[in-house]
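Fold and geometry: a report
Given next are the chains, with one letter for each unit.
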Amino acid sequence: MRFQVPQFIEVEDKIFGPLTIKQFIYLAGGAGLSFLLYAFLPFFIAIIFIIPILIFSIALAFYKFNNKPFINVVEAAFKFMFASKLYIWKKDDSKVQKATVEKQEEREAMEYAKVMVPKVSGEKLKDLTWSLDIKDSIYSQEANGGKR
């Protein structure tokens, strides 16, 4: 036995002309509330409240934000405003670790430099260069067979 699988299940049925049941309820609710305000308030005061109500009901019926109905945006806004919030701050350790590694490398480089470079006064430095020049000239004379 074959069954027909429904197609387009995400599309709502149009019940009231070009309107779905939800769209009709939003528009009828906005119009009804606007009529009540018009009936019980003076016209100039009522119009101040009627215009935002009509805009809101039209937005609920037709406006889509990121392909989602506007009612979802309103619901999310209410949840955000009235629900308790939990703020969590997580310290970014990567920058701190990078800075400590760099400082450690600098310390190691300074320690290495202390070991490798002897502290020599000006007079000792002259003596050292003199002795190196003499040794260098002696070795070069021996390599050339005593000729300079």
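All of these numbers come straight from a predicted model, not from anything done at the bench.

What counts, and at which threshold
- Residues numbered from 1 in each chain as written.
- Predicted model: local features only at pLDDT ≥ 70, side-chain atom pairs only at ≥ 80, totals over all residues.
- Heavy atoms only, no water.
- Helix = DSSP H or I, 4+ residues; strand = E, 2+ residues; numbered from the N terminus.
- Contact = heavy atoms within 4.5 Å.
- Areas by Shrake-Rupley, 256 points an atom, 1.4 Å probe, with all protein chains shown as cover.
- Axes fitted to C-alpha atoms, helices over the stretch in contact; angles between N-to-C directions.
- Parallel < 35°, antiparallel > 145°, perpendicular 65-115°, else oblique.
- Nonpolar A, V, L, I, M, F, W, Y, C, P; charged D, E, K, R; others polar.
- 1 Å grid on protein atoms, 1.4 Å probe; cavity = no way out; pocket = protein on both sides within 12 Å on 5 of 7 lines; lining within 4 Å.
- Points joined across faces, edges and corners; volume = space filled by probe spheres on them.
- Expected span 1.5 Å × (residues − 1).
- Buried < 20%, exposed > 50% of the residue type's maximum accessible area, 1.4 Å probe, protein only.
- Arc of directions from axis to C-beta.
- Patch = residues over 30% accessible without salt bridge, like charges linked within 9 Å, V, L, I, M, F, W, Y side chains within 5 Å.
- Salt bridge = Lys/Arg side-chain N within 4 Å of Asp/Glu carboxyl O.

Here we come to the overall build of the protein chain. Scanning the protein chain from N- to C-terminus turns up 5 helices and 4 strands. Counting from the amino terminus, the protein chain carries its helices and strands in the arrangement β-β-α-α-β-β-α-α-α. When contacts within the protein chain are restricted to residue pairs at least 6 apart in sequence, those whose partners lie at least 24 apart make up 28%. Counting only carbon and sulfur atoms, one obtains 65% of the accessible surface of the protein chain, whose full area is about 14,100 Å².

With that out of the way, let us pick up the packing of helix α2 (residues 43-62) against helix α3 (residues 70-82). Relative to each other, α2 and α3 sit at 115°, their axes nearing to 6 Å. Taken together, the axis directions place α2 and α3 in an arrangement best described as roughly perpendicular. Where α2 abuts α3, its residues Phe56, Ala59 and Leu60 lie against Phe70, Ile71 and Val74. Of the residues assigned to the contact of α2 with α3, the class counts are 6 nonpolar, no polar and no charged.

In contact at an axis separation of 9 Å, helix α1 (residues 21-40) and α2 are set at 175° when each is read in the N-to-C sense. Considering their axes alone, α1 and α2 lie roughly antiparallel with respect to each other. The segment α1 lies against α2, with Gln23, Tyr26, Leu27, Gly30, Ala31, Leu33, Ser34, Leu37 and Tyr38 engaging Phe43, Ala46, Phe49, Ile50, Ile53, Leu54, Ser57, Ile58, Leu60, Ala61 and Phe62. Classifying every residue of the contact of α1 with α2 by side-chain character gives 16 nonpolar, 4 polar and no charged.

Each pocket or cavity is described by its volume, and for the largest pocket that value is around 340 Å³. As for the largest pocket, its lining consists of 16 residues, and the residues nearest its centre are Glu12, Gln23, Ala61, Lys64 and Pro69. Among the secondary structure elements, those contributing two or more residues to the lining of the largest pocket are α1, α2 and α3. Residue composition of the lining of the largest pocket, by class: 9 nonpolar, 2 polar and 5 charged.

Another aspect to go through is α2. Its 20 residues give α2 an end-to-end C-alpha distance of 27 Å, which sits within 8% of 28 Å, the value for a rise of 1.5 Å per residue. Looking at the buried positions of α2, the neighbouring elements they touch are α1 and α3.

Turning our eyes to something else, we now look at α1. Because an α-helix packs 3.6 residues into every turn, residues spaced three or four apart end up facing the same way. Taking 1.5 Å as the rise per residue, α1 with 20 residues should run 28 Å; its terminal C-alpha atoms sit 28 Å apart, in good agreement. Gln23, Gly30, Ser34 and Leu37 are the residues of α1 that are buried. Along α1, the residues classed as buried sweep out an arc of 75° about the axis, all on the same side. Turned more than 90 degrees away from the buried face of α1, the exposed residues are Ile25, Phe35 and Phe40. Elements that come into contact with the buried residues of α1 comprise β2 (19-20) and α2.

As a further point, take a nonpolar patch on the surface. Together, Leu33, Phe35, Leu36, Tyr38, Phe40, Leu41, Phe43, Phe44, Ile45, Ile48 and Phe49 give the surface a local cluster of nonpolar side chains, amounting to about 1,200 Å² of exposed area. The set of elements that each furnish at least two residues to the nonpolar patch consists of α1 and α2. Relative to the elements of secondary structure, Tyr38 occurs in helix α1. For Tyr38, a relative accessible area of 47% puts it in the partly exposed group.

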